[in-house]
Amino acid sequence: MIFQVINMSFALPEIFMMVMACIVLLVSAFMGKDSSSVSYWLSQFTLLITAFIIYLSISGTGGITFYGSYIKDPLSDILKLSICIINIFVLSYSWYYLKVRNLFNGEYYALATFATLGMLIMVSSTHFITLYLGLELLSLCLYAMVAMKRKSAMATEAAMKYFILGALASGMLLYGMSIIYGATGSLSLASISTAIQIGHLDNTVLSFGLVFLTIGIGFKFGAVPFHMWLPDVYHGAPTAVTLFISTAPKIAAFSMIMRLFVDGLENLHQYWQGMLIVLSVLSMIIGNVVAIAQTNLKRMLAYSTISHVGFLLLGVLSGTNEGYAASMFYVLIYALTTSGSFGMIILMGRNGFEADNISDYKGMNERNPWFAFMMLILMFSMAGIPPMAGFYTKLMVIKSLISVDLILLAIIAVLMSVVGAFYYLRMIKVMYFENPIEQIKLQAPIDIRILFSSNALLVLLIGIFPSSLMTICITIFS
Amino acid sequence: MNQNLLLIIVLAPLLGSIISGLLGKQVGRMWSHRVAIAGVGLAFIISIWVFKLVVFDDQTYNGQVYQWMQVGSISFEIGFLIDSLTAIMILVVTFVSLMVHIYTIGYMHHDDGYTRFFSYISLFTFSMLMLVMSNNFMQLFFGWEAVGLISYLLIGFWYKKPMAIYANLKAFLVNRIGDFGFLLGIAAVLMYAGSLDYVQVFIQAPEIAKKTISIFSDVQWSVMSLTCILLFIGAMGKSAQVPLHVWLPDSMEGPTPISALIHAATMVTAGIFMVTRMSPLFEFSDTALSVILVVGATTAIFMGFMGLVQNDIKRVIAYSTLSQLGYMTVALGASAYAAGMFHLMTHAFFKALLFLAAGSVMISLNHEQDIRKMGGLRKYLPITYWTSLIGSLAIIGFPGMSGFFSKDLIIESEHISSITGHDFAYFAILISVFITALYSFRLFFLVFHGQEHFTLHNGKQLHEPSIAVRIPLILLAIPSAVGGMFIGSIVFGDFFDGVILVLPEHNVLAYFGEEYHGLVSFILHGLMTTPFLLALLGVSVAYIIYVKRPNIAVRLRQRFTWFHKVLVNKYGFDNFNDKVLAGGSRLIARVFWKIGDLTLIDGVIVNGSAKIVGLAARMVRHIQTGYLYHYAFAMILGVWLLLTLFVV
């Protein structure tokens, strides 16, 4: 065997983050009760520096290292950068949430940092094992985070469901990987791709394995029918945790589908396209329709997530560079908008009050017109109304469908987003046209207000100047 | 030319608007107007610099600043085109805007909406600059709509006044009609030229001119005529040409400074500017030019008549604006674009001056607007008096004053033009020279001369308003008086070369260019022509009727009751619009509402489908039982589904 020098520099962000995650863990373990603010700032610092390292390396050369299991390319750079930035937002919201309720100490931040590390690894993996490693690191942290509020029956129940179903999904994913391995004789995505290209492989075996990979991905995204955990977990977990689960991990899941299906199995496009069509149509229908019947905002957002996942898969399944770019744009905007929406729930709540019922938002406009307006931007964006960013994401996805002649699918997508508009607009109706139940003025410290406002305004700004981010997404895939 | 410099011109007023609008309460009145004035002032100074670069250093600029999006091969972008036409427009816009900003300090002093007002007028300046500096149709349309929106907001500035609300809605609706035509025109341009960029479109104009389109079966229309007429319909709305003029007189419900800025000097001239900018298109359609000529001439003469019977000081000036806009339009129709632009410029100065002077009179008389309750103000308001005199002399085209040059040139252009309808236009605007002189000096005499008809409350002294009001009057009076002397360089020189296209067979101005031997001979020649005599006659008649023998006016009115009635009823335009158009639409709308909307769409389609979806939601919701084994079972079902569909 020829001796290869491992190029560590490609993994510099992850190495840094791992070291820092350990430090955060130690700090929270040894400082006990007072550790929360130290570990908070430490983890924010970690994210910031990691983002900075990634930013500096963007222009640098890419390549594969660790014996073909780890990659640095424009896709990984941009996704990692977005994950870090989104998590900076998320941690700031969480900090406020946890501080007000005096919940947890440092462990939340330690777990969050490890979870972020898992996501970064997923983004960069070009090998089944690395991918699985990152996925499990992320998932285990998430299970623990959901269960962290031990005395809450709902939270523990949710964690239990999440864990068991997650284990089931992981098992299926591994099964799928092993079948593909059996068929191609390789675990590295690049060699799998060449093996399939050369041909002489049994397509039945490959597609059999593909089904199980699809299930793993579908579970991670929360696509119907592998979505059942999602509403319960979103509802049961403390809002700060829900916020964490619902944002950056979706970006990581997007990278997972890109790595597995596009980098590794693009030649099986005809097989996985059909599977994704099933998942995405079901997700759009079930997600949007059931969201209408929800009275709890967190649950409503959970179903809305399911429907967005359906939309996101549409771009991927189109199988074109344009479609991949559309999906990437979609997931980034989705993460940003969702972080704002859960941020709003955090902002509205106080100790002993979660503000997670839709009726809690009655007459928001009278209580705080600015926040109501920011929420309006977010809801409009989710519904896909111009000039918010959400409009362009939907537009791009639908355009990519039309360019590959999946017209029927495009029509379903449009119809379902009309159904979806109902529950987003209902939020706005509740905020603007109903009388408030309580008259207390909304109060929050200035930093969290600025954070929330900039989050929402960013959604508007990207909507007005969509080409900035769109161009980045398009250049990555061309 | 530096792109950032151009950006500052548009962004400085925008910034001023944002600060005084959103932070008005925080920064206070004082800082609101300081910021707004600083923004516009900066834009004005840079405009002078840009003007210098364009005119003296022969620099032009045409470039993209930002690409908004790309749809197929069509690029939507923000860009600037700076040439002599733009340079002169931004100079006029920023100058008048600056004057109005300063004037507002005095005029709106006691108003509660002080900061809001500054925010609006700065925003207006931004929009107008975006309109004139644009290098493509999309940005032009953006500016076009934005100035319309702000006009709407400002007409209804005193939103508690029912008349103001009525007027702004009216302006909005009428402009909608014009904008609809405009949008169709832009669509036609896009369809046949495949681009929104001016230069790209203009290059293809000769090609497009050869094409025809059949809208109804078998009838072939010239594409160019259709496009140009559609675009001109937009101009008719914005520049208030018959029959879309009805909104402008009512817009006087807004505060006076905006009447000067928006409804006299700048926004209403956007249509004139647009047609001039599009001269490479319009030149290829004699039909469109003919339409423009006739519409403009009609506006010039019939709107002038109405100025004779109005008693509201602002409405008289408003009708005079309509009539003057008619003049500019007529000039465009005769391909004398440069003359039209020149009249636009001089008109901006003297009309803004007249409005601001009227405002000054109103402030002094506690916002009295009825000219029958004025009179003899000459000795109380000397500055207002003299500046008004300059403005009035300029508008009637007194030799030497700015209006004389532009007006004389337009009249003569009509005389020798060869476009169909030019003899009617010549006749119409010749008559309206007399009318203009008559109503302008009727106003002037009734306000400043004769007996005092006003009553002052408890011994209040009548005096000139504050310095902030007087300075703009004086500064505007200067270009009103002497602005005409640039005619040689702007109209006859090579000022607009390469910017405005005039086909040789239309080129009436070239004829005058050869005849032109300097200012003095132009003035001397002017003294001997019919227009001058008519103007003189108008002033004399006004003097006799309204100063010497007021009873003549009464007798004339009794004698020509029917004519007076027609004029007071505004030729029935408003009644027709109210009864037939508005009433008819309401009737049709009612039918559609009751049957189409309530029963069919709401009842069956919307609520029906909503009910079904809601039902489905309530049912499907029960799938989420909360039991773990159900969840796992769902996953297994999914596995089975995928396997049976795609593997077996």
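Asker: Even after reading the chapter, I still don't get the overall build of chain A, so can you show me in this structure?
Answerer: Within chain A, the regular secondary structure consists of 20 helices and two strands. Counting the 478 residues in chain A, one finds 64% classified as buried. Put simply, 80% of the contacts in chain A that link residues at least 6 apart link residues at least 24 apart. Split by element, the accessible area of chain A, about 16700 Å² in all, is 70% carbon and sulfur.

Asker: What is the right way to read the overall build of chain B from this model?
Answerer: Counting its regular elements, chain B contains 27 helices and four strands. When each of the 648 residues of chain B is scored for burial, the buried share is 56%. When the accessible surface of chain B is totalled, it reaches about 27000 Å², and 68% of it is carbon and sulfur.

Asker: Where do I start with the interface of chain A and chain B in this structure?
Answerer: Often, the extent of an interface is quoted as the loss of accessible area on bringing the components together. On the side of chain B, 27 residues touch chain A, which itself brings 41 residues to the contact. Of the roughly 2800 Å² buried between chain A and chain B, counting both surfaces, carbon and sulfur atoms make up 79%. At the junction of chain A with chain B, the criterion picks out six residue pairs in polar contact (both at pLDDT 80 or more). Broken down by secondary-structure element, the contributors of at least two residues to the side of chain A that touches chain B are α6 (153-184), α8 (203-221), α9 (229-236), α12 (269-292) and α13 (297-317) of chain A. The biggest single contributor to the side of chain A that touches chain B is α12(A), with nine residues.

Asker: In this structure, what is going on with the pairing of strand β2 (residues 74-82) of chain B? I would like to understand it.
Answerer: The two faces of a sheet get side chains in turn, since along a regular strand they alternate between them. Residue and element names in this part refer to chain B. As paired strands, strand β1 (residues 61-71) and β2 are joined by nine bridges and run antiparallel to one another. Within the sheet, the bridge partner assigned to Y61 lies in β2 and is I82. Hairpin geometry of β1 and β2 is characterised by an intervening segment of two residues between the two adjacent antiparallel strands and by a positive phi of about 60 degrees at G72.

Asker: When you look at a nonpolar patch on the surface in this model, what are you seeing that I'm missing?
Answerer: There is a patch of nonpolar side chains on the surface, built from I467(B), I471(B), I474(B), L475(B), I478(B), V482(B), M485(B) and F486(B) and spanning about 700 Å² of accessible area. Relative to the helices and strands, I474(B) resides in helix α19 (residues 467-482).

Asker: Just to check I follow, could you spell out the packing of α13(A) against helix α18 (residues 407-433) of chain A for this structure?
Answerer: Any two packed helices are characterised by how steeply their axes cross, that is the angle between the axes, and by the distance between the axes. All names here are of chain A. Put simply, α13 and α18 touch, their axes get as near as 11 Å, and they point 160 degrees apart. Classed by the angle they form, the pair α13 and α18 counts as roughly antiparallel. For the crossing formed where α13 meets α18, the hand is left-handed. Between α13 and α18, the contacting residues are L297, M300, S304, S307, H308, F311, L314 and L317 on the first element and L409, A413, S417, Y423, Y424, R426 and M427 on the second. Its residues assigned to classes, the contact of α13 with α18 shows 10 nonpolar, four polar and one charged.

Asker: I tried to follow the side chain of S84(B) on my own but got confused; where do I start?
Answerer: Residue and element names in this part refer to chain B. In this fold, S84 is placed in helix α3 (residues 84-107). At 2.9 Å, the side chain of S84 and the backbone oxygen of F495 are in polar contact. Leave out the neighbours within four places in its chain, and S84 touches V54, F495, F496 and V499.

Asker: Looking at this structure, I do not really get the packing of helix α15 (residues 337-364) of chain B against α19(B). What am I missing?
Answerer: Residues and elements named next belong to chain B. At their nearest, the axes of α15 and α19 sit 9 Å apart, and the two run at 150 degrees to each other. With respect to each other, α15 and α19 are oriented roughly antiparallel. Two packed elements cross with a definite hand, and for α15 against α19 that hand is left-handed. Judged by residue contacts, F349, F350, A352, L353, L356, A357, S360 and I363 of α15 engage V469, P472, L473, L476, A477, P479 and S480 from α19. Among the residues making up the contact of α15 with α19, the classes are represented as 13 nonpolar, two polar and no charged.

Asker: What is the right way to read the nonpolar core from this model?
Answerer: One recurring pattern in soluble globular proteins is that nonpolar side chains are buried together. Counting residues in hydrophobic clusters, the biggest one holds 205 residues, and the most contacted among them are V96(B), M133(B), F137(B), M278(B), L281(B), F282(B) and L377(B). Among the elements that take part in this core, α15(B) stands out by supplying 19 residues, more than any other. Contact partners of F137(B), with chain neighbours within four places excluded, come to I186(B), V189(B), L196(B), Y198(B), V201(B), M278(B) and L281(B). Of all hydrophobic cores here, the second largest spans 194 residues; its members include Y108(A), M148(A), M284(A) and L460(A).

Asker: Please explain the environment of V289(A) as it appears in this structure.
Answerer: Residue and element names in this part refer to chain A. With respect to the helices, strands and loops of the structure, V289 is situated in helix α12. Taking relative accessible area as the criterion, V289 reaches 9% and is therefore assigned buried. Taking the C-alpha atoms as reference, V289 lies 9.8 Å from F422; in sequence the two are 133 residues apart.

Asker: I keep staring at helix α26 (residues 573-620) of chain B and nothing clicks. Help me out?
Answerer: One turn of an α-helix holds 3.6 residues; hence residues three or four places apart share an orientation. Under the 1.5 Å per step criterion, the end-to-end length of α26(B) is only 60 Å for 48 residues, more than 12% shorter than the ideal 70 Å. Its axis deflected by about 45 degrees at D602(B), α26(B) carries its strongest bend there. Taken residue by residue, α26(B) has D574(B), G596(B), G614(B) and A617(B) as its buried positions. Residues of α26(B) that are buried sit in contact with α12 of chain A together with α6 (162-193) and α9 (247-250) of chain B.

Asker: Sorry, what's going on with the packing of aromatic side chains here?
Answerer: The relative placement of two aromatic rings is captured by the distance of their centres and the angle of their planes. Going through the model one piece at a time under the given rule, you end up with 52 aromatic pairs over all chains. When the centroid spacing of 5.9 Å and the interplanar angle of 65 degrees are considered together, the rings of F444(B) and F445(B) count as edge-to-face. In terms of burial, F444(B) and F445(B) fall into one category: buried. One residue, K394(A), lies across the ring of F311(A), its end atom 4.9 Å from the ring centre. Over the ring of W31(B) we find R34(B), and its NZ or CZ is 4.8 Å from the ring centre.

Reading the values: rules and limits
- Residues numbered from 1 in each chain as written.
- Chains lettered and ligands numbered in written order.
- Predicted model: local features only at pLDDT ≥ 70, side-chain atom pairs only at ≥ 80, totals over all residues.
- Heavy atoms only, no water.
- Helix = DSSP H or I, 4+ residues; strand = E, 2+ residues; numbered from the N terminus.
- Buried < 20%, exposed > 50% of the residue type's maximum accessible area, 1.4 Å probe, protein only.
- Contact = heavy atoms within 4.5 Å.
- Areas by Shrake-Rupley, 256 points an atom, 1.4 Å probe, with all protein chains shown as cover.
- Buried area = accessible area lost by both parts, 1.4 Å probe.
- Polar contact = N/O pair within 3.5 Å; in protein donor to acceptor, adjacent residues only side chain to side chain.
- Pairing = 2+ DSSP bridges.
- Patch = residues over 30% accessible without salt bridge, like charges linked within 9 Å, V, L, I, M, F, W, Y side chains within 5 Å.
- Salt bridge = Lys/Arg side-chain N within 4 Å of Asp/Glu carboxyl O.
- Axes fitted to C-alpha atoms, helices over the stretch in contact; angles between N-to-C directions.
- Parallel < 35°, antiparallel > 145°, perpendicular 65-115°, else oblique.
- Left-handed = near helix turned anticlockwise from the far one by under 90°.
- Nonpolar A, V, L, I, M, F, W, Y, C, P; charged D, E, K, R; others polar.
- Core = buried A, V, L, I, M, F, W, Y, C linked by side-chain atoms within 4.5 Å.
- Expected span 1.5 Å × (residues − 1).
- Bend = angle between axes of the 7 residues up to and from the residue.
- Phe/Tyr/Trp six-rings, centres within 6.5 Å; stacked < 30°, edge-to-face > 60°.
- Lys NZ or Arg CZ within 6 Å of the ring centre and 35° of its normal.

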